[in-house]
Every structure is written in C-alpha cells, then in structure tokens.
Amino acid sequence: MDGWIENARMIVESAAAIVPEDGGLDRVRALRFASPGYSPEVFAEIGTMGWLQLAVPERDGGAGLGMRECASLLVALGRGLLPEPVVSALLAQRLTAGRADTDILDGRTVMVAAWQDRTDSLDFAGPAGGDILKLHVDGAAGAGAFAVLAEQGVAIVRAGEPGVRVETAALQDGTFEGTLTLSAGNPEWLPVADADLALDEAILSHSAYLLGLSERGIEITLDYLRVRKQFDQPIGSFQALQHRASELKIQLELCRAAIFRTAARLDAGLSADRRAAAVSRVKTRAAGLAMLMAREAVQMHGAIGTTEEADIGLVVAKAISQANRYGSARLHRNRHFDASERSAA
Amino acid sequence: MTQHQAAGAFPAQSLPDFEAMSDEDFRQTVRRFVEAKYPDIPRFSQHRLRWDEVKPWYGVLSAEGWICPTWPRAFGGMGLGPGKHLILIEEFERFGCARVHDIGPVMLGPLLMKFGTQAQKDFYLPRILSGEDIWAQGYSEPDAGSDLASLRTRAVRDGDAWVIDGQKTWTTLGMDANRIFILARTDPSVKKQAGISFLLVPMDAPGVTVRPIRNLEGHAEFCEVFFDAVRVPLDSLVGGENEGWAIAKALLGHERVFIGAPRLSGNALARLRYLAEARDVFDDPALQDRYTRLKLDVEDLSDLFEAYVDKLRGGETIGPDVAILKIFQSELYQRISDEMMELAGATAGMREPEDGDPRKHAAGTWLAARPTTIFGGSTEVMRNMMARYVLDLPTR
Ligand SMILES: Cc1cc2nc3c(=O)[nH]c(=O)nc-3n(C[C@H](O)[C@H](O)[C@H](O)COP(=O)(O)OP(=O)(O)OC[C@H]3O[C@@H](n4cnc5c(N)ncnc54)[C@H](O)[C@@H]3O)c2cc1C
C-alpha cells in the first residue's frame, strides 16, 4: 500500500492553510508569552481539517492514516513553528479513540494529553492511590479538557471541573506547559488497549516536528550565510562555516531517514521492544539535531542570533523548549539500549 | 533619553597598600569586604543587572575606593597587579556579586590614562570613580561586526565641532549609560583602518537616540544607538585624528587573559553537578563519565590560565596566542551548558528557573554561554588569527 505518499502530499498541501510554506512567523511571534500561548481558533481550524483524528483507527471513527502521513504533517507544522499543541492533542485523541464529546472530537474544545509522571521519564502509571499528578502538559493553559493517562486507563476531565487543578508555567518559546492535579473522587476510567504504542507514536510525531523545526532553522541560517557580508565576502564563503553547514545537512538527512523509515516500520507493525528501540533512536537523533541546529544558528548569525527580534531567535527558543519533550536524548539512549538488548535476547 | 541618574560623588577613602599584602591576607580582606558591604541586591544573577538594580553596589565600591581595582592609586584606583586582581575577581565571583557597569573602569579609564590629554584625564576619570559617568562601548555596527574596520559611522569636522552621523549596535547596557565612546570614520579616502578616530559622546546630546534590543531571554541588555547630526566639541577626540584604530587595538592590559579565566566553566560545572544531584542521577556511570570529561577540561584550563597569569606577574607581554584561552574556555562553558540542557529533561525549556533556584536553570546557563563565542572576537575569527599569527600558516 503505497498510497501514503499521495495522502502525505495532500496533508502537507492542506497544512499550508495553517503554516504557509516559508511564510512569515508574525503569528507565532505575536502569540508568545500571552496565555494560552497559541490560538484556540486555529486549533479549531485544525480540528475542522480532520487532523486531530488522523492517527485514530478507522474502527474508532478516525482517519486511520499511518505514521508516515502523520510524520509528514508534523514536519510541515514544525517548519512553521506551530504553537498549537498538536502532538499532545493527537495523543489525547488516540488514547480516547472516539469516546470524547463532539466539541472535543472536532477541536472546538482543546483536549491535550496529561500522561507524564516525572520529569525526563516515560512513566505514566501514576500513584497507586491518592491524587494524580501529571507534569509537562503541553498547551495546558488553553485546554478545555485533558486525557489523563494512568494505570487505570484514560480519563477525560474538563478544565474547571471540581478536583481538577492546573498550574501553568512559561517555556522559552512563549508557550505554556502545565502541571495537572486530579484530586476529587474517581473519574471515569476508560480502557486503553495500546497506551505504549500511542506514546511511541507521539514520540515519533514530536521527532518529526523537531525535524521540521530544524530544517527551517538550517534554511534560515543558510540564507544568512549567503547574504551576510563581512570582509567584503558572504560569510558563507568562509570554509570554517561551510564545513559546519555541511555537517548540519548530514545530521538533517540522517534524522529524516530515521524518522520515515521508522514510521514505515511502525505502520507495518513491530514488536513492542523493537518499536521502543527504533522510536528512541529517532528521538535521540531529533533532539540532537534540534540542539545542534540551535547552537550553530546562534553562532553563525553572530550577535543578531542572540536576540528575539530576528526570526532565527524564535526557532532557537522553540528548539531549546521542545528538544527534550517526550524524553531527552539521554533518556532515549538508555531506553534504546534496554529495548534493543531485550529484543535481541 | 537615558534613564541614567548620576550616582553622585562618592569620596574615596584612603586605602591600604594591597600589593604589599600576602595573597592570603588580601583574599581574606576581600572576603570580609563583600560579606560586610554587599548591598541587598541579587547575587548569582546569570544576566546583567540594569543600572537601577546594580547602582547600590557601584555606590559601595565607589565610596570605598574599590570601583577601579587596576587603576594606579594616584588615579584613585586600588593599584592591583594581575595576581591580586584575580583574587578580587575570584572572591567577588564566589560571593555571587553582580557585575557593575564596568566599561568605564575596565576599558575607558586605562585607555584615557594612556592616550588622553591631561584635561580629559582630569575631567573624565573622577567621574568614572564617582559613578557620575556610566560609559558604553560603541564599536560594532550592523554591517561592521567581525570586520569592525569597515565601520561607516562618520565624523566630520565643522568649525568647533565634530558632526557625527551613523549607527552603532549591540551596545551593552547603552540604555543605562550617559556617555559612549565610539569609533567613527574621519577619513574615507584611505585604507579602512587608517581613517578611523576615537570620540567621546554624551548620550544626551541632541541627535542621539537609543533603541533597546531584547535578547533571547527577553532582557534588554543591549541596544542600538543612532547618531543624527550629533555635534560634539573638538576636544572629544582621544589621541590623534585617524589614530582611533590603533587606540582601540591597543591591548587592554591583562583583561584579555582574564576572559579565559576558568570561573565561568567552573561555575557551570558546579551547576551541572547540582542539577544531577537534584535529579538523583549523579550515580549514573554514563553521566559520571561525561561529567568527568568536562571536569578534566576545567582543571586543565585552570592550569593553562595560571600559566598565563604567571607570565603577567613576570611582566611578560601577552601575544596573540592568548586566543587559546578564550577559545577553549568559551567552548567548554558551552559544552557544559549543553550537558545541563540534556540532563534537565523537559524543564530545560523553562523560562524561569525550576523551583526559583537559578542553579537548576539549564536554559539560563545555555543562553548565557552563547555570546561568549561571539563577542570579543568570535571563535571563528580567533581561530583564523591563530592560524595566521600563532601557527604562521600561509594565507590565501
Ligand atoms: C551579548 C553581546 C554584547 C555585545 N556588546 C557590545 C558592545 O557593548 N559594544 C560593541 O561595540 N559591540 C558589542 N557586541 C558586538 C560584538 O562585538 C559582535 O557581535 C562581534 O564583533 C561579531 O560581529 P557580528 O555579531 O556582526 O557577527 P558577524 O561578524 O556577522 O559574524 C557572523 C558569523 O560569521 C563568522 N565569521 C565572520 N567572519 C569570518 C571569517 N573571516 N571566517 C570565518 N567565520 C567568520 C562569525 O564568526 C560568526 O559566526 C556585543 C555582542 C554580543 C553578542
């Protein structure tokens, strides 16, 4: 079934409505540091385009598309530094699989996933009893609902409901993450068949976002190397910078290949250990690429790269805010080691 | 235009002969000084404080006669040589003292002592000591960064004045300064380095405008300064007409060596460890291995730095190989900050320090480390200079 290429092409084309290819970043700039840090209207538009149900299986009313389509979309969104919490929303929809109310299904109400128990850990089982605490919830400020993932399953809770408390904090990219506390009573737990798979898909999707973001940052930097002149020459003519620009391209293509090959393998179906090993390999590369891009973009821009005024500043802030979400490279190297040793055994 | 208010005259005390003290006595003296006198302002700040915040500390240093550590005592300084100055810096760092607006004490003062007229010294030096004048450095322009000599701001002699037109940028804390020294082109007809002059300009002169620029942390730490037909008296020139390049290039004593001091890297390494312990992962052998690599680098850097300080103590002049120190220190600082970012996990991207604890603030360290490879000669340009002037490799 090679229809994915056509599907992906159509999705990426439709993405141009939200993030015009190489368009300006004015919208992104304007939304920073003003809660919720993104536009609920644009999120609703994303819902109208059907993207929120992209990865939900057809039997649950979703589009049932594969990870390659999903990754293609997220690369396009990453290129546009999209501030709306799409990866988290996709995960939330995937976990709740068509069981949410229609305002959530169609994106009028933002629902994000609240899954993470500890910083730099993929644990989501939660405590045996008592309050449930979920960290690093993307887009928490504007969310009207949360898909809370725990040992018991997934619970859809609404913001403002008794017992649901959300505290938000700003990230360097001007979005806000949240800490969610669930204390009252016992929410209705819905069964989740494949939470680990859903989480791996989210990690892969987020990696694709980082790939798109890095690709954009590299393009902006290459453009700068072409136009910025010092010593009567474009700085891109200096070999010291040329070699490092080439290295950026090498890392970019390694990351792209790893993402799309892994996406294809996931679509074909993998054992849990092989999947974890592959996805963690991808996330390690993507986080490394984003941080390399950020370092080089600042350095090659010189002083202007240290400001928030230039577009590259937005890209750098996004990279340092997002590189470690869904697990740092350190976490994923460890996870890869464990998973690949297990699958080899 | 400028928010700067003169701190007022701080009469200097009569100071002991610090150079006559043993290093250990001097260290204790500095330690007691900061513990007793440091005002109620932030410590261990990873960003530059604005004048309103740091003014009490400038006031204390000024009143105590400690604001210009390296100036000769005859000029109102502490008369410290490199060894004692290093101790002072170390103890200030250890306590987490904020960095004051030090362009006057560090750059302009020594430069005027060497190249200024008697009248310039008499007028400007006391005002730096008292905090009445806060200076900014106006060298860089939008199109003249690494290639500073291509600067285009012009100064034209018109009767009793120089008339200045052009723009400076990346002027650190220029919004807080009441004076700026600039390099301006006074002869466009000659080789670019040969037609540049060094001028002193009040920031409140008609035609000077300032626009703050926000850095990646959202702090306005530098600004653009525009000059539109700004008139300054002829005696605003330091040194001879068209001698500005030589003046600016004239080495600012041992400050160049101190840029390579291991303290930035050492502090960052301590924060890396602190974060690892807070995360309960310092027992991870893989992390220990990476931590130890960085630690060895910091310690070797310390040895190299001390070797340079010894040269200074012995009165040797420092050559272009001092780039070795600057390159290694600034890149090491960045590598440590990279490791902190990875270790911080999802909190790496937080705008404010986790739990309000600056020692856990990976992004703060990462961002603070970025400019060190850009200003004061970018790493790339420094490596080019090394290839040429230290390694004597052929040029194209
Ligand atoms: C935080 C901060 C504070 C500053 N404060 C002041 C201040 O108070 N006063 C002031 O006058 N200036 C200040 N500056 C400016 C500083 O001096 C310049 O940033 C510096 O000279 C580099 O110039 P640029 O930023 O224009 O970069 P560019 O010169 O445009 O360099 C861009 C990139 O090209 C590289 N490059 C340039 N030439 C070559 C070459 N020949 N070979 C290889 N690579 C090359 C550079 O290394 C860099 O990576 C400050 C800068 C910063 C970041």
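Scroll up a little and you will see the structure.
About the criteria used
- Residues numbered from 1 in each chain as written.
- Chains lettered and ligands numbered in written order.
- Predicted model: local features only at pLDDT ≥ 70, side-chain atom pairs only at ≥ 80, totals over all residues.
- Heavy atoms only, no water.
- Helix = DSSP H or I, 4+ residues; strand = E, 2+ residues; numbered from the N terminus.
- Rg over C-alpha atoms; globule rule 2.2 N^0.38 Å.
- Buried < 20%, exposed > 50% of the residue type's maximum accessible area, 1.4 Å probe, protein only.
- Near = heavy atom within 4 Å.
- Polar contact = N/O pair within 3.5 Å; in protein donor to acceptor, adjacent residues only side chain to side chain.
- Areas by Shrake-Rupley, 256 points an atom, 1.4 Å probe, with all protein chains shown as cover.
- Nonpolar A, V, L, I, M, F, W, Y, C, P; charged D, E, K, R; others polar.
- Pairing = 2+ DSSP bridges.
- Contact = heavy atoms within 4.5 Å.
- Salt bridge = Lys/Arg side-chain N within 4 Å of Asp/Glu carboxyl O.
- Axes fitted to C-alpha atoms, helices over the stretch in contact; angles between N-to-C directions.
- Parallel < 35°, antiparallel > 145°, perpendicular 65-115°, else oblique.
- Left-handed = near helix turned anticlockwise from the far one by under 90°.
- Lys, Arg positive; Asp, Glu negative; His and termini not counted.
- 1 Å grid on protein atoms, 1.4 Å probe; cavity = no way out; pocket = protein on both sides within 12 Å on 5 of 7 lines; lining within 4 Å.
- Points joined across faces, edges and corners; volume = space filled by probe spheres on them.

## Digging into the overall build of chain B
Logical step 1: Counting its regular elements, chain B contains 12 helices and 8 strands.
Logical step 2: A compact globule built from 396 residues should have a C-alpha radius of gyration of about 21 Å, and chain B, at 22 Å, falls within 12% of that.
Logical step 3: The dimensions of chain B, computed from C-alpha atoms along their principal axes, are 75 × 55 × 45 Å.
Logical step 4: A buried classification covers 54% of the 396 residues belonging to chain B.

## A closer look at the site of the ligand
Logical step 1: Surrounding the ligand, one finds 26 residues, the nearest of these being Arg 228 and Gln 299 of chain A together with Ser 146, Thr 172 and Ser 378 of chain B.
Logical step 2: The ligand sits at a junction of chains, with neighbouring residues supplied by chains A and B.
Logical step 3: Within the contact set of the ligand, an oxygen atom lies 2.6 Å away from a side-chain nitrogen or oxygen of Ser 146 of chain B.
Logical step 4: Separating a nitrogen atom of the ligand from a side-chain N or O atom of Asn 384 of chain B is a distance of 3.0 Å.
Logical step 5: Isolated, the ligand exposes 980 Å² of accessible area, and the fraction of that covered by the protein chains is 91%.
Logical step 6: Considered class by class, the residues forming the shell around the ligand number 13 nonpolar, 11 polar and 2 charged.

## A few points about the pairing of strand E3 (residues 145–150) of chain A
Regular strands place side chains that alternate from one sheet face to the opposite one.
Residues and elements named next belong to chain A.
Logical step 1: Burial of E3 is extensive: 6 of the 6 residues sit out of reach of the surface.
Logical step 2: Of the two faces of E3, the one holding Ala 145, Ala 147 and Leu 149 and the one holding Phe 146, Val 148 and Ala 150 are both buried throughout.
Logical step 3: Judged from the 4 bridges that link them, strand E1 (residues 111–114) and E3 form a sheet pairing that is parallel. Residue pairing in the sheet places Ala 114 in a bridge with Val 148 of E3.
Logical step 4: Across 6 bridges, the pairing between E3 and strand E4 (residues 153–158) is antiparallel. Counterpart to Ala 147 in the pairing with E4 is Ile 156.
Logical step 5: Once E3 ends, the chain turns through 2 residues before running back antiparallel as E4.

## Examining the side chain of Arg 228 of chain A
Logical step 1: Note on placement: Arg 228 of chain A falls in the loop between helix H7 (195–227) and strand E7 (229–230).
Logical step 2: With residues near it in sequence (within four places) discarded, Arg 228 of chain A still touches Gln 233, Pro 234 and Ile 235 of chain A together with Pro 142, Asp 143 and Gly 145 of chain B.

## Some remarks on the pattern of salt bridges
Logical step 1: What the rule picks out here adds up to 66 salt bridges over all chains.
Logical step 2: Close ionic contact of Arg 127 of chain B with Glu 132 of chain B constitutes a salt bridge, the shortest N to O distance being 3.5 Å.
Logical step 3: We classify Glu 132 of chain B as partly exposed; its relative accessible area is 28%.
Logical step 4: A cluster of three or more residues bridged by salt bridges with shared partners is formed by Arg 79, Glu 215, Glu 219, Lys 249, Glu 253 and Arg 256 of chain A.

## A look at the packing of helix H10 (residues 323–344) of chain B against helix H12 (residues 379–390) of chain B
Residue and element names in this part refer to chain B.
Logical step 1: Where H10 meets H12, the axes come as close as 10 Å, and the angle between the chain directions of the two elements is 150 degrees. The pairing of H10 with H12 is recorded here as roughly antiparallel in orientation. Crossing geometry of H10 relative to H12 is assigned as left-handed. Contacts between H10 and H12 pair Ala 323, Ile 324, Lys 326, Ile 327, Ser 330 and Glu 331 from the former with Thr 379, Met 382, Arg 383 and Met 386 from the latter.
Logical step 2: Broken down by class, the residue content of the contact of H10 with H12 amounts to 5 nonpolar, 2 polar and 3 charged.

## Here's the deal with the side chain of Lys 326 of chain B
All names here are of chain B.
Logical step 1: Summarising the element assignment, Lys 326 is placed in helix H10.
Logical step 2: No salt bridge is formed by the buried Lys 326; its nearest oppositely charged neighbour, Glu 380, is found at 8.7 Å.
Logical step 3: Not counting chain neighbours up to four residues away, the residues in contact with Lys 326 comprise Ile 259, Gly 260, Thr 372, Phe 375, Gly 376, Gly 377 and Met 382.

## Quick word on empty space enclosed by the protein
Residues and elements named next belong to chain A.
Logical step 1: Scanning the model with the defined rule gives 8 cavities of 30 Å³ or more in all.
Logical step 2: Taken as a whole, the largest cavity holds about 210 Å³ of empty space.
Logical step 3: Listing elements by their share of the lining of the largest cavity, those giving two or more residues are helix H5 (86–96), strand E6 (176–182), H7 and helix H10 (311–322).
Logical step 4: Here the lining of the largest cavity takes 3 residues from H5, the largest share from any one element.
Logical step 5: Taken together, the residues of the lining of the largest cavity sort by class into 10 nonpolar, 5 polar and 6 charged.
Logical step 6: In this structure, the second largest cavity encloses a volume near 70 Å³.
Logical step 7: Lining the second largest cavity are Ala 55, Met 67, Cys 70, Val 87, Leu 90, Leu 91, Arg 94, Ala 198, Glu 201, Ala 202 and Ser 205.

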